[in-house]
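# Chain and residue survey
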Amino acid sequence: MVTSNGRPHSPLKSWLGVAVITASLFTFVTTELMPVGLLTPISVDLDVSAGVAGLMVTLYGISAGLGVPFIVAWTRRVNRRVLLSVLLAILALGNLLTAVSTSFVLVLTTRLVMGFANGVFWAIGVSMAMRLVPGRLASRASAVALSGISIAAVVGIPLGAFLESLTSWRTTFLIWAGLSALVFLAVAVVIPSLPSENAVPVREVFRLPLRNRQLRLVMIAVTLYVLGHFGAYTFIRPFAEERSSASAAFISALFVVYGIGGAAGNFIAGHTVTRSPRTSFVVACTGLVTAMLLLLTIGQTPPGLILAVTLWGVSFGAANLCQINLMLGAAPDKFEAAMSINTLGYNTSIALGALFGGWFADTLGVDGAVWFGVTLAFAALLVTIGTRRMTATAVGEDELVTTG
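Remember, predicted model here, so these are calculated numbers, not experimental data. (Residues numbered from 1 in each chain as written. Predicted model: local features only at pLDDT ≥ 70, side-chain atom pairs only at ≥ 80, totals over all residues. Heavy atoms only, no water.)

## Focus on the pattern of salt bridges
To be explicit about the condition: The term salt bridge refers to a side-chain nitrogen of Lys or Arg lying within 4 Å of a carboxyl oxygen of Asp or Glu. A run of DSSP states H or I qualifies as a helix once it reaches four residues; a run of E qualifies as a strand once it reaches two. Both are numbered from the N-terminal end. Only protein chains enter the area calculation, which uses a 1.4 Å probe; residues under 20% of their type maximum are buried, those over 50% are exposed, and those in between are partly exposed.
A complete count under the given rule lists 5 salt bridges for this structure. A salt bridge links R237 to E241; its shortest N-O distance comes to 3.1 Å. With a gap of 4 residues between them, R237 and E241 both fall in helix α10 (residues 236-244), about one helical turn apart. What makes R237 buried here is its relative accessible area of 6%. Classification of E241 by relative accessible area gives partly exposed; the value is 25%.

Next up, the structure:
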């Protein structure tokens, strides 16, 4: 077997490398979204409101989004294995500092730095997985790597909430610091040398959406649904506690249900996206809107919460896979540049979604944050429906990222 960097590797080592990339993605995703499941105890311990505590997600997303095109371009000559190792070292140290800090300002500063590392990983991680295997297996490798998102939703975030219920939120971040260090060691042992490929200067990254109308339309839809999702989802724990008096144990179970739904949505979309990415995305956005409306109408009861959160997880899991296929379909020959733009839009939307959702939560109550989510997800749905063509006709079924 020969990888795309021209060096021979056994099938076992190649797929072990893909597994390590998947573990890296799992660690980055759980670190980014861990405050969602721990928002209440963090806000109480650090003496800030839930809306202000949501800035832990906001600043992380801002740096992850805005910094990635520049950092990826500036490091375009750096070996990708070396770069990934540096990113994981930053993640481990950042989680450690978060765990021991008694200052919310220091926590925010630390999260800001960690966000830069997160954004760069999103731009290079999937392409690294694809380079570890022969070209004909690249789509499968990317799908395996992206499954780290579902694993994080099913295991990571619920586990973090569960650990907090047994110990404290600080212990949870301390454990994640150790996990980041273990993945760092795995990269050093398993991942082969991967010299940089296909990286482009900053100006070329920013020119891509200006020249590519299709890419612009995809990014508008992605920005809207991610804004809506995280504007509401960031405050799902305070909503459950206020509206249904949910216990910490029930909330942990709720996040597990959401994660299982996300994995199911990812799996379902993996089979539908090859036939019609646009239709799959429309259905996913419709599911997001419906789930949030269910939360507002029947979320005061445990069964209602479970139903709404399950549909939410399925829909968001499907939407994530669909939007990546739409992005790659819009710019198949500019992989890292397209992923840089995707990361910029996606993570900036996470940041702004948490920020605006926090404002609505503090001003109008947590229901306001959910209504904000409904509005933006519905806007994404309208944009997608009104767009005749969001995928390139030149992209064949075998070029799409699927779960199989």
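Having put the structure on the table, let's press on.
## What to know about the state of the cysteines
What counts, and what does not: Whenever a pair of cysteine sulfur atoms sits within 2.5 Å, that pair is classed as a disulfide.
On inspection of all chains with the given rule, the structure shows 0 disulfides. The cysteine C285 is free of any disulfide, with C322 supplying the nearest cysteine sulfur at 8.5 Å. The exposure class assigned to C285 is buried, which follows from its relative accessible area of 1%.

## Quick word on the nonpolar core
Selection criterion: Among buried residues, the Ala, Val, Leu, Ile, Met, Phe, Trp, Tyr and Cys ones that are joined through side-chain atoms within 4.5 Å form a nonpolar core. By the convention used here, residues are in contact when the closest approach between their heavy atoms is within 4.5 Å.
Core analysis: the biggest nonpolar cluster contains 119 residues, and I21, Y225 and W312 have the highest contact counts within it. The element best represented in this core is helix α13 (residues 302-330), accounting for 14 residues. With residues near it in sequence (within four places) discarded, I21 still touches L84, F121, G125, M128, A129, L132, A145 and I191.

## Considerations on the side chain of T98
Selection criterion: For this analysis, a polar contact is any N or O atom pair within 3.5 Å, provided that within protein one partner can donate a hydrogen and the other can accept it, and provided that sequence-adjacent residues contribute only side-chain to side-chain pairs.
Structurally, T98 is set in helix α4 (residues 80-100). Within the structure, the side chain of T98 is placed 2.9 Å from the backbone oxygen of G94, a separation counted as a polar contact. Once residues lying within four places of it in the same chain are set aside, the contact partners of T98 are M56, V107, T110, M114, W169, R170 and F173.

## Details of the side chain of S349
Along the chain, S349 turns up in helix α14 (residues 335-364). The class of S349 is buried, set by a relative accessible area of 2%. Among the polar contacts listed, one links the side chain of S349 to the backbone oxygen of T223, at a separation of 3.4 Å. Ignoring any residue separated from it by four or fewer positions in sequence, one finds S349 in contact with T223, V226 and L227.

## Some words on the environment of P238
Of note, P238 is situated in helix α10. Sequence separation of P238 and M130 is 108 residues, and the distance between their C-alpha atoms is 39 Å. Those residues in contact with P238 that sit more than four places away from it in its chain are L39, T40, A50 and V366.

## Regarding the packing of aromatic side chains
For clarity, the threshold we go by: Ring geometry is summarised as follows: Phe, Tyr and Trp rings, the Trp one being its six-membered ring, pair when their centres sit within 6.5 Å, and such pairs are stacked at plane angles under 30 degrees, edge-to-face over 60 and tilted between the two.
What the rule picks out here adds up to 12 aromatic pairs. Aromatic rings pair up to connect Y225, F230, F281 and F316 into one cluster.

## Examining helix α9 (residues 213-233)
To be explicit about the condition: Expected span, for any helix, means 1.5 Å times one less than how many residues it has.
Here α9 contains 21 residues, and its C-alpha end-to-end distance of 30 Å stays within 8% of the 30 Å for a straight helix at 1.5 Å per residue. Taking burial as the measure, the 21 residues of α9 include 16 buried ones, the bulk of the element.

## Regarding the packing of α9 against α13
Filter applied, for reference: A fitted line through C-alpha atoms serves as each axis, taken over the contacting stretch for helices, and the angle formed by two N-to-C directions is quoted from 0 to 180°. Angles are sorted into four bins: roughly parallel if under 35 degrees, roughly antiparallel if over 145, roughly perpendicular if 65 to 115, and oblique for all others. Definitions for this section: a left-handed crossing has its near helix turned counterclockwise from the far helix by less than a right angle. A right-handed crossing has that turn clockwise. Charged means Asp, Glu, Lys or Arg here, nonpolar means Ala, Val, Leu, Ile, Met, Phe, Trp, Tyr, Cys or Pro, and polar covers whatever is left, Gly included.
Close contact between α9 and α13 brings their axes to 10 Å; oriented N to C, the two are set at 160°. Taken together, the axes of α9 and α13 lie roughly antiparallel to each other. Classified by chirality, the crossing of α13 by α9 is left-handed. Along its contact with α9, which presents Q214, L215, V218, M219, V222, Y225, H229, F230, A232 and Y233, the element α13 presents W312, F316, A319, N320, Q323, L326, M327, G329 and A330. Residues belonging to the contact of α9 with α13 are distributed by class as follows: 14 nonpolar, 5 polar and no charged.

## Looking at the packing of α4 against helix α5 (residues 104-131)
Relative to each other, α4 and α5 sit at 150°, their axes nearing to 9 Å. On the basis of their axis angle, the class for α4 and α5 is roughly antiparallel. Between α4 and α5 lies a crossing of left-handed hand. Packed against α4, whose contacting residues are R80, R81, L83, L84, L87, I90, L91, G94, N95, L97 and T98, the element α5 presents V107, T110, V113, M114, A117, V120, F121, I124, M128 and R131 at the interface.

## Looking at a nonpolar patch on the surface
Put simply, the rule is: A residue counts toward a patch only above 30% relative accessible area and without a salt bridge, and it is joined to like-charged neighbours within 9 Å or, for Val, Leu, Ile, Met, Phe, Trp and Tyr, to nonpolar neighbours within 5 Å. What sets the accessible areas is the Shrake-Rupley method with a 1.4 Å probe; for residues, cover comes only from the shown protein chains.
On the surface, a cluster of nonpolar side chains totalling about 430 Å² of accessible area is made up of L93, L96, L97, V100 and L174. Sort the elements by how many residues they give to the nonpolar patch and α4 lands first, with 4 residues. Among the structural elements, L96 can be located in helix α4. Overall, L96 belongs to the partly exposed group, its relative accessible area being 36%.

## Focus: the environment of G262
On the secondary structure map, G262 appears in helix α11 (residues 248-272). For the pair G262 and T286, spaced 24 residues apart in sequence, the C-alpha separation works out to 15 Å. Other than its neighbours up to four places away in sequence, G262 contacts S150, G313, V314 and G317.

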